[in-house]
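Below are the chains, spelled out letter by letter.
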Amino acid sequence: MNDFLEQWGEAAYTTTGFFWMALWAFALGYVISSMIQIFVTEKKMQKTMGGAEGKGVLLGTFFGFISSSCSFAALASTKSLFKKGASFVSSIAFLLASTNLVIELGIIISIFLGWQFVVGEYVGGMLLILISWLLIRLINPKKLIEKARKNLEDNDKDDDENSKSWKDKMKSEESWAKVSKQYGMEWKMVWKDVTVGFTIAGIVAAFVPDAWFQTLFIGTGNGNTDFSFLEILEHIVVGPVAAFITFIGSMGNIPLAALLFGKGVSFAGVMAFIFSDLVVFPILRINAKYYGWKMSLFILFLLFTALVGASLILHYSFDVFSILPDSSQVTIQDSEYFKIDYTFYLNLVFLAISGYLIYLGFFKRKDIMHMKEMAPKSELLEKILKYAALICYVWLAGGLIVKFFV
């Protein structure tokens with residue numbers, strides 16, 4: 001019983017430490033994302049993504065890079081862009097970029113995993129887009145694309161405010177109030193996923209023995225870093241399976257990815273785990289609702305194949321240049337989380353910024369309305385996540401009490 005209480009306290013403390021390490025990065029990323037989504041409108045994107053294929057892919061990638069990293073927001077935006085004239089391949093480029101190339105994800109990865117994984121995330125995101133583009137050109141699914149467009153009924157209303165220039169919006173308090181509303185929406189979209197994801201990471205760190213990882217990921221353990229091709233391929237396939245089981249979004253999954261790497265999982269396997277947020281069942285179901293099941297399954301095949309290819313290319317390219325990361329560099333379990341350092345001061349700064357945005361959008365200018373289209377989430381899944389998050393808070397409170405007062 002004493003061992004359990006000690007592990008419970010350690011798990012809760014580790015999770016709280018993870019939150020503290022990442023708080024400023026979340027706030028910074030969502031402030032930037034919210035500003036871009038208000039000042040750069042979807043209508044402007046639509047006008048430029050339906051032309052030449054190469055230009056459309058580049059623009060789709062760029063617009064995705066400056067957009068939200070929430071999978072459900074990305075799915076809704078992708079559907080809207082495709083429906084209003086963007087090519088299928090540029091829409092896929094936007095989808096992949098908006099979930100893999102965004103700023104906030106790179107910051108979180110740098111905190112928990114280091115610079116090699118940041119490079120892997122951004123280079124890998126480009127590889128995902130290039131491989132998907134190549135596969136689309138080789139397969140040329142014209143009939144599927146035409147049928148998918150027919151499945152989308154064009155009943156959206158255009159926003160007249162899109163005609164305003166970004167300079168005029170920057171000078172408007174109303175626009176900044178919308179930024180604050182969007183900032184609140186960003187947190188609303190991810191709080192459950194992040195809570196559950198970070199809590200699971202703390203539990204795994206404290207309770208799950210290394211032998212479990214060695215069974216799940218072949219060849220790990222005993223400091224082994226020399227994996228065969230088949231072992232790396234198995235890690236790449238199992239990574240998305242693990243992501244499916246713990247579907248909590250890419251942002252919430254990063255601490256768990258760091259734990260996997262610290263337990264000896266290959267670089268390719270960890271990258272596959274991080275890339276897997278678009279190849280899980282909730283995403284498959286939403287795409288089926290938008291485009292039909294045939295197109296949804298094609299997108300699943302497309303993205304999973306690109307994921308496998310990108311992870312393999314990254315692993316062996318990094319190996320050739322002798323920059324494969326060392327799992328010993330990940331020491332998040334042993335960190336002193338709450339010391340007075342740059343994290344402490346950055347958290348104070350961004351808590352103050354968050355406080356001002358909340359005041360502006362939800363108190364001073366609460367008359368301003370702003371809604372962003374979201375993909376239709378499963379009500380059952382959302383309820384499960386909500387209650388799971390509340391249970392997590394009880395677990396964390398109990399664990400911290402045990403650690404410091406028992």
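Read on for a plain summary of the structure. The structure presented is a predicted model; accordingly, all values stated were derived computationally and were not measured. (Residues numbered from 1 in each chain as written. Predicted model: local features only at pLDDT ≥ 70, side-chain atom pairs only at ≥ 80, totals over all residues. Heavy atoms only, no water.)

Some thoughts on the overall build of the protein chain
Move 1: Helix and strand counts for the protein chain stand at 18 helices and zero strands.
Move 2: Looking at the protein chain as a whole, 55% of its 406 residues qualify as buried.
Move 3: Nonlocal contacts in the protein chain, meaning residues at least 24 apart in sequence, comprise 86% of its contacts between residues at least 6 apart. (Helix = DSSP H or I, 4+ residues; strand = E, 2+ residues; numbered from the N terminus. Buried < 20%, exposed > 50% of the residue type's maximum accessible area, 1.4 Å probe, protein only. Contact = heavy atoms within 4.5 Å.)

Section: helix α17 (residues 342-364)
Move 1: Taking 1.5 Å per residue as the helical rise, α17 with its 23 residues ought to reach 33 Å, and the 31 Å between its terminal C-alpha atoms agrees with that figure.
Move 2: On the buried face of α17, the contacting elements are α1 (2-39) and α10 (173-207).
Move 3: Its side-chain oxygen at 3.1 Å from the backbone nitrogen of Thr-343, Asp-341 defines the N-terminal cap of α17. (Expected span 1.5 Å × (residues − 1). Polar contact = N/O pair within 3.5 Å; in protein donor to acceptor, adjacent residues only side chain to side chain.)

Brief notes about the packing of aromatic side chains
Move 1: Tallied over the full model, the rule gives 31 aromatic pairs.
Move 2: Seen in terms of ring centroids, Tyr-13 and Phe-404 are 6.0 Å apart; in terms of plane orientation they differ by 70°. Their pairing is edge-to-face. Taken as a pair, Tyr-13 in helix α1 and Phe-404 in helix α18 (residues 379-405) lie far apart in primary sequence, 391 residues in all.
Move 3: Accessibility expressed as a relative area gives 18% for Tyr-13, which makes it buried.
Move 4: Its relative accessible area of 52% is what places Phe-404 among the exposed residues.
Move 5: With centroids separated by 5.3 Å and ring planes inclined at 90°, the aromatic side chains of Trp-212 and Phe-213 adopt a geometry described as edge-to-face.
Move 6: Lying across the ring of Phe-362, Lys-181 places its NZ or CZ 5.0 Å from the centre.
Move 7: The cationic tip of Lys-403 hangs over the ring face of Tyr-13; the distance from NZ or CZ to the ring centre is 5.0 Å. (Phe/Tyr/Trp six-rings, centres within 6.5 Å; stacked < 30°, edge-to-face > 60°. Lys NZ or Arg CZ within 6 Å of the ring centre and 35° of its normal.)

Quick notes on the environment of Val-204
Move 1: Within the element layout of this structure, Val-204 appears in helix α10.
Move 2: For the pair Val-204 and Ala-11, spaced 193 residues apart in the sequence, the C-alpha separation amounts to 7.9 Å.
Move 3: Ignoring any residue separated from it by four or fewer positions in sequence, one finds Val-204 in contact with Phe-213, Leu-256 and Leu-259.

Quick word on the nonpolar core
Move 1: Phe-88, Phe-112 and Leu-113 are the most contacted members of the largest nonpolar core, which totals 99 residues.
Move 2: Among the elements that make up this core, the one with the highest residue count is helix α16 (residues 293-320) (twelve residues).
Move 3: Discounting residues that sit within four places of it in the chain, Phe-88 has contacts with Phe-82, Ile-136, Ile-145, Arg-149, Met-295, Phe-298 and Ile-299. (Core = buried A, V, L, I, M, F, W, Y, C linked by side-chain atoms within 4.5 Å.)

What about unusual backbone geometry?
Move 1: Not every positive phi belongs to a glycine, and Asn-140 is a case in point at roughly 50°.
Move 2: Tracing the backbone through its elements, the reader meets Asn-140 in the loop between α7 (115-139) and α8 (142-151).
Move 3: The exposure class assigned to Asn-140 is partly exposed, which follows from its relative accessible area of 44%.

Here we look at the packing of α10 against α18
Move 1: Here α10 crosses α18 at 50°, and the two axes come no closer than 9 Å. Comparing their axes, α18 and α10 come out oblique. Here α10 runs over α18; the crossing is left-handed. Counted together, Trp-191, Lys-192, Asp-193, Thr-195, Val-196, Thr-199, Ile-203 and Phe-207 of α10 and Glu-382, Leu-385, Lys-386, Ala-388, Ala-389, Cys-392, Tyr-393, Trp-395 and Leu-396 of α18 form the full contact between these two elements.
Move 2: Class assignment for the residues of the contact of α10 with α18 results in eleven nonpolar, two polar and four charged. (Axes fitted to C-alpha atoms, helices over the stretch in contact; angles between N-to-C directions. Parallel < 35°, antiparallel > 145°, perpendicular 65-115°, else oblique. Left-handed = near helix turned anticlockwise from the far one by under 90°. Nonpolar A, V, L, I, M, F, W, Y, C, P; charged D, E, K, R; others polar.)

Section: a nonpolar patch on the surface
Move 1: On the surface, Tyr-356, Ile-358, Tyr-359, Phe-362 and Phe-363 cluster together into a nonpolar patch covering about 550 Å² of accessible area.
Move 2: Following the sequence through the fold, Tyr-356 ends up in helix α17. (Patch = residues over 30% accessible without salt bridge, like charges linked within 9 Å, V, L, I, M, F, W, Y side chains within 5 Å. Areas by Shrake-Rupley, 256 points an atom, 1.4 Å probe, with all protein chains shown as cover. Salt bridge = Lys/Arg side-chain N within 4 Å of Asp/Glu carboxyl O.)

Looking at the environment of Thr-99
Move 1: With respect to the helices and strands, Thr-99 occurs in helix α5 (residues 88-100).
Move 2: Here Thr-99 falls in the buried class, since its relative accessible area comes to 0%.
Move 3: In sequence terms Thr-99 and Phe-275 are 176 residues apart; their C-alpha atoms lie 8.6 Å from each other.
Move 4: For Thr-99, the side chain forms a polar contact with the side chain of Asn-100, separated by 3.4 Å.

Observations concerning helix α6 (residues 103-112)
One turn of the α-helix equals 3.6 residues, which is why residues spaced by three or four share an orientation.
Move 1: By the criterion of burial, α6 is predominantly enclosed, with eight of the ten residues buried.
Move 2: Three or more residues of α6 are buried, namely Glu-104, Leu-105, Gly-106, Ile-107, Ile-108, Ile-109, Ile-111 and Phe-112.

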